[in-house]
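Below, each chain spelled out in residue letters.
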Amino acid sequence: MDRFSLPFPDKELAYKELTYDPCYLKIPEQDRIPVVDAAWRKGEQAAIKTFKEFNGNYNFTDIAQKSGLAIEKKNIDYVVGNQRYFSDYISGKKLLILYLGSIALWAENNSLSLYNAINIIISHEYFHFLECTSLGLTSRDYTVPMLCIGKIKLGKTGIRALSEIGAHAFAHTYYNLVAKKEVI
């Protein structure tokens, strides 16, 4: 495995990532750090369990397929508006679509081999697969009112950023477990 620093937000940047969520201002200030910590912990715990379940295997294409997740590869750089997409997870179909053109650019910009870039993207998406199949959606672990009119609160919505934070934690933790295993 190449030695590299993961180009995903680490735990310190996870707190900043929460600020990008459209519902951020609805989260009481005293809850912000604890909800990030909980989402990060959920990703860490899922990575440890997966690492043990697959005996430290770091080939996420193999792990995904053994778990019933189909992978489709498209040779395109998928950009919508100003946003580049590397993958899409279709939960109802247990399908992961990889956009290899986008991933190749990301790999080059982060000095990663294409193998490692694909592996990181799949590991991140594998957490979302786990959310849909066994863990429950991290974005729904903490909810805020959809609409507030004075003291009236209507509906509830989850915090999407928490799911991304959990997925980043999963990718970081799994990579670190593999790196430690290689040193031992």
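It should be noted that the structure appears before, not after, this text.
Here the structure is a predicted model, which means the values were calculated and not measured. (Residues numbered from 1 in each chain as written. Predicted model: local features only at pLDDT ≥ 70, side-chain atom pairs only at ≥ 80, totals over all residues. Heavy atoms only, no water.)

Engineer: I'm lost on the pairing of strand β5 (residues 95-99) in this one. Help?
Structural biologist: In the case of a regular strand, side chains alternate between the two sheet surfaces. Burial analysis of β5 places five of its five residues in the buried class, which makes it a mostly covered element. Taking every second residue as pointing to the same face, both faces of β5 are buried, with Leu95, Ile97 and Tyr99 on one and Leu96 and Leu98 on the other. Strand direction decides the pairing type here: strand β1 (residues 70-74) and β5, joined by five bridges, are parallel. Looking across to β5, one finds that Lys74 is bridged to Tyr99. Of the pairings in the sheet, the one linking strand β4 (residues 87-90) to β5 comprises four bridges and is antiparallel in character. Bridging across to β5, Tyr89 finds its partner in Leu96. Hairpin connection between β4 and β5: a loop of four residues separates the two successive antiparallel strands, and Lys94 in this loop has a positive phi of roughly 50 degrees. (Buried < 20%, exposed > 50% of the residue type's maximum accessible area, 1.4 Å probe, protein only. Helix = DSSP H or I, 4+ residues; strand = E, 2+ residues; numbered from the N terminus. Pairing = 2+ DSSP bridges.)

Engineer: In this structure, what is going on with the side chain of Arg32? I would like to understand it.
Structural biologist: Following the sequence through the fold, Arg32 ends up in helix α2 (residues 29-53). Each residue touching Arg32, except ones within four places of it in the same chain, is listed here: Leu18, Tyr24, Leu25 and Ile27. (Contact = heavy atoms within 4.5 Å.)

Engineer: What exactly am I supposed to notice about the packing of helix α4 (residues 100-109) against helix α5 (residues 114-135) here?
Structural biologist: When two helices pack together, you describe them by how their axes are tilted relative to each other and by the distance separating the axes. Packing of α4 against α5 brings their axes to within 9 Å, and their N-to-C directions diverge by 115 degrees. On the basis of their axis angle, the class for α4 and α5 is roughly perpendicular. Seen along the crossing, α4 lies across α5 with a hand that is right-handed. Contacts between α4 and α5 involve Leu100, Ile103, Ala104, Trp106 and Ala107 from the first element and Leu114, Ala117, Ile118, Ile120 and Ile121 from the second. Of the residues assigned to the contact of α4 with α5, the class counts are 10 nonpolar, no polar and no charged. (Axes fitted to C-alpha atoms, helices over the stretch in contact; angles between N-to-C directions. Parallel < 35°, antiparallel > 145°, perpendicular 65-115°, else oblique. Left-handed = near helix turned anticlockwise from the far one by under 90°. Nonpolar A, V, L, I, M, F, W, Y, C, P; charged D, E, K, R; others polar.)

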